[in-house]
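# Commentary on secondary and tertiary structure
What follows is each chain in one-letter form.
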Amino acid sequence: MLDVLIIGSGGAGLTAALAAKEKGASVLVVGKTYPTNSQTSMAQGGINAALGNVGEDHTDFHIADTLRSAHGLCNEDMVRKMCTDAPKTIAWLESIGVPFSRLDNGKSDVQTIAQRQMGGASAKRACYAQDYTGLKILHTLYDTCLKNGIEFLDEHYLLNLIVENGVATGVTTLDIRTGEVIQINAKSLIVATGGYGGLYHGYTTNAYGSTGDGIAAVLRAGGAVSDMEFVQFHPTALKGSSILISESARGEGGYLVNTKGERFIDELEPRDVVARAIFEQFQNGQEVFLDVRHLGEEKLMELLPQEVELCKLHEHVDPATQLIPIKPVAHYSMGGIDVNDKLEVTDIQGCFAVGECSNAKVHGANRLGGNSLLEITAFGKLAGENATQHAFNITPHETNVQQLTQDKGYLAHLYAKNHTINFYEKRSELGKLFYEKVGIVRDNAGLTEAMKALHHIELLHQHMGLADKSPTNNTNLIDFLEFSNVLQLASTIISAALQRDESRGAHFKLGFETMDDEKFKIHILSRINRES
Amino acid sequence: MKINILRSQTNTQQTYELPDKETTLLNALTHIKATEDATLTFTVGCRASVCGTCAVRVNGREELACAYKVQDGDEIEPLNYHPVLRDLKVDKNKAKETLLKSTTWLQSFKEAALTHKDEKLTETQTDCILCDSCYSACPVYAVNPDFLGPFALTRAYRYSVDKRESNVKNIIDHVQTNGVWDCTLCGECTAVCPKGIDPKMDITMLRGDSITHGYSDPSFTTQSFGTPDFGGGGFGFDPNAGF
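Overview of the structure. Small disclaimer: the values here were computed from a predicted structure and weren't measured.

## A few points about the side chain of R86 of chain B
- Along the polypeptide, R86 of chain B turns up in strand β6 (residues 84-86).
- Residues contacting R86 of chain B, with those up to four places away along its chain left out, are D468, S470, T472, N473 and N474 of chain A together with S8, T39 and T41 of chain B.

## A closer look at the pattern of salt bridges
Residues and elements named next belong to chain A.
- If you walk through the whole model with that rule in mind, you get 46 salt bridges over all chains.
- Note that E385 and K381 form a salt bridge whose closest N and O atoms lie 3.0 Å from each other. Of this pair, E385 and K381 both sit in helix α10 (residues 371-393), 4 residues apart, roughly one helical turn.
- Owing to a relative accessible area of 42%, K381 belongs among the partly exposed residues under this scheme.
- Here E436 ties to K432 by a salt bridge, and the two come within 3.2 Å at their closest N and O atoms.

## As for the pairing of strand β1 (residues 2-7) of chain A
Residues and elements named next belong to chain A.
- Burial of β1 is extensive: 6 of the 6 residues sit out of reach of the surface.
- Note: β1 against strand β9 (residues 181-191), 5 bridges, orientation parallel. When the sheet's bridge partners are listed, L5 is paired in β9 with L189.
- Here β1 pairs with strand β2 (residues 27-30) via 4 bridges, running parallel. From the neighbouring strand, I7 faces β2, where its bridge partner is V30.
- Running through helix α1 (residues 11-22), the crossover from β1 to the neighbouring parallel element β2 is right-handed.

## Quick notes on the pairing of strand β3 (residues 55-58) of chain B
All names here are of chain B.
- Burial of the side chains of β3 extends over both faces: A55 and R57 are buried on one face and V56 and V58 on the other.
- Bridge count between β3 and strand β5 (residues 75-77): 2 bridges; the pairing is antiparallel. Its bridge partner being in β5, V58 is matched across the sheet by I76.

## Focus: the interface of chain B and chain A
- Between chain B and chain A, the residue contacts involve 63 residues of the former and 60 residues of the latter.
- In this structure, the connection of chain B to chain A is made through 7 salt bridges.
- A salt bridge links R164 of chain B to E94 of chain A; the nearest nitrogen and oxygen atoms lie 3.1 Å apart.
- Between the two partners, chain B and chain A, sit 39 residue pairs in polar contact (both at pLDDT 80 or more).
- If you list the elements that add at least two residues to the side of chain B that touches chain A, you get α1 (25-35), β6, β7 (89-90), α2 (93-101), α3 (116-122) and α5 (150-160) of chain B.
- At 6 residues, the largest contribution of residues to the side of chain B that touches chain A is made by α1 of chain B.

## Let's talk about the sheet that holds strand β14 (residues 324-333) of chain A
Residue and element names in this part refer to chain A.
- In space, the 4 strands of this open sheet follow the order β11-β14-β13-β12, with antiparallel pairing throughout. Lying at the two open borders of the sheet, with one neighbouring strand each, are β11 (231-238) and β12 (255-258). Strand after strand, the sheet turns through a mean of 50° between neighbouring axes, direction not considered.
- Packing against the sheet, helix α7 (residues 271-283) makes contact with β11, β12, β13 (288-291) and β14, and its axis sits at approximately 60° to β11.
- Packed on one face of the sheet, helix α9 (residues 305-315) meets β11 and β14 and runs near 75° to β11.

## Let's talk about the side chain of Q183 of chain A
Residues and elements named next belong to chain A.
- The residue Q183 is located in strand β9 in this model.
- A distance of 2.8 Å separates polar atoms of two side chains, one belonging to Q183 and the other to N185.
- Those residues in contact with Q183, other than ones at most four positions away along the chain, are I162, V171, T172, T399, N400, V401 and L404.

About the thresholds
- Residues numbered from 1 in each chain as written.
- Chains lettered and ligands numbered in written order.
- Predicted model: local features only at pLDDT ≥ 70, side-chain atom pairs only at ≥ 80, totals over all residues.
- Heavy atoms only, no water.
- Helix = DSSP H or I, 4+ residues; strand = E, 2+ residues; numbered from the N terminus.
- Contact = heavy atoms within 4.5 Å.
- Salt bridge = Lys/Arg side-chain N within 4 Å of Asp/Glu carboxyl O.
- Buried < 20%, exposed > 50% of the residue type's maximum accessible area, 1.4 Å probe, protein only.
- Pairing = 2+ DSSP bridges.
- Right-handed = clockwise from strand over helix to strand, strands pointing away.
- Polar contact = N/O pair within 3.5 Å; in protein donor to acceptor, adjacent residues only side chain to side chain.
- Axes fitted to C-alpha atoms, helices over the stretch in contact; angles between N-to-C directions.

What follows is the structure, given as structure tokens:
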């Protein structure tokens, strides 16, 4: 039987695969697209490690900054582990050939890696590769996976985890090409399926596929999710298209200005603070722009070539000479699958979760820029190693095909049923609803309304279905399953947000504008009540 | 405005009407799928030209759907030389095998003192998003389906010039068969790359490195040295042949 089955082929999944293989495990990586298509490619700004290549820095500072930004909602041991592992993670990335940007300092090895300022950081700590850091790490990981003979199963969509007596034994997936439902058994599972920013459809920097598939599957399998109300809004997405403009634009000296041309916030505050300041400008009828003109064309092309392209293409704006119109949109899910210090999923033995889908409690109420690429690589390794250890220590369970039969039945039902409501409309509706009522600034009245509207969409779900009945390569079916997953997660976000009568990090509630440690220095967990 | 999309089931162009406003092809496709025809099949990802998912051909030229602004009368087709799975969705597995064959990875790491100049050596090459546009535009595939192709060779070049690489020879060894010498240097790959990469130049550089490692152009060898009548079939004057 397969030792380690990894669902998701982004940076976390690939790192976990390499680590597990290195420890001697047999490994299979299953993904709904191809390995290099993942959200990791979109990470731009950098990856944090207190190398001190540009000015003084220490791991303790990195820990302190991360804890401060997390607003008390993190596991200090995990933060300490991630930040302490950061320099050796960079050394590992250096050893597999990641093409980092470099300094001319006469030194060698990792000491020549360029580091830049990001929001909320007390030093220039983010190692980068122009503004393509995620892309270049992801592709180097992929190349290394090919080198190490990692096996991939592309275009397989996760349907459900198979859990018997609280122990994970495998998954069911849909082969997107053939339409077949298959079962893959394994001694250990790693869920590395990414976040749920796609819920904010139309109002997110995330790719279409960031639909929390693994998080929803864990919920259905009896696992827990936590801190779901903490959704990070990135301050600077392009106004028209919601396409991300990296925080490094501000790190490199960019300003935020309103219609009157006034600066209104220290641009290097953490993202939650900056996003709220922009929101406030909007409330006052102001538009907000990112101004990087003073950096000059040469520097822009050197440091932010991708941003310049995207601005020209999507907003018809040349950042060297013009202001960039921006708005904050959903960017990162701090919450996710609840895991312990071993990254093992609460209540599901042998199932690990890593990366944006997991809540390893290192970002708390607000993630720092540069810490997500660090999490996927530092903890990707941890997940791979722990999953391997688990696989080597257990006697495999007898497996049955109950889940497989059930999932085949569900798909047959889906193909057979007629529908009266177009789910694509509801997907847009849900995205807008969440952006407006479960967004940067929340209040209980709005959240209650959102819950009501959500329940309505949930009720209508039974009248939604497939307009395309093709058994093979049916992307309408995948869109529907993805929508069903975000819909499943939606109520966990609103109910946690309703419950949290305080403001902390990315969760800001009118009427409760301060942090209430006495009542709310807690992680709010959600489960599906399987009996009900 | 109207656009025409090649449907795989009928192998005919289907015309779709779009609102008359500026929009990316990707937005147009998702709009059609969501409102008009859910059977239209294509692949989407990041919307920001970085995930490599959405390359198609527009009026015969490779484009990222997310970075192309739709024009009235556009004809949209799937990538060339990829098995079509359905409509614009293609199978990229065979194309990806070229990476394995070319061994496009750091073979053996050695510590190095990299500088800003070294970063620049591979900055553009490492912008590659594996969208397969270059593969689709490459005319060599019409005659040699086993050609390693532009993106794999660019990636091989990228590792070969990395100062951290201590076994450049292994990379060079793996790009000889169906590799650097099979390219016609037509430059179609360079013309269509959405990230401004120049595989033609990278392949030219790899040829130079191959010669340094003792390889030579096999077509040159057979034509110039292999035939007894070097006045006719060869590649012109051969200084080593003697008269």
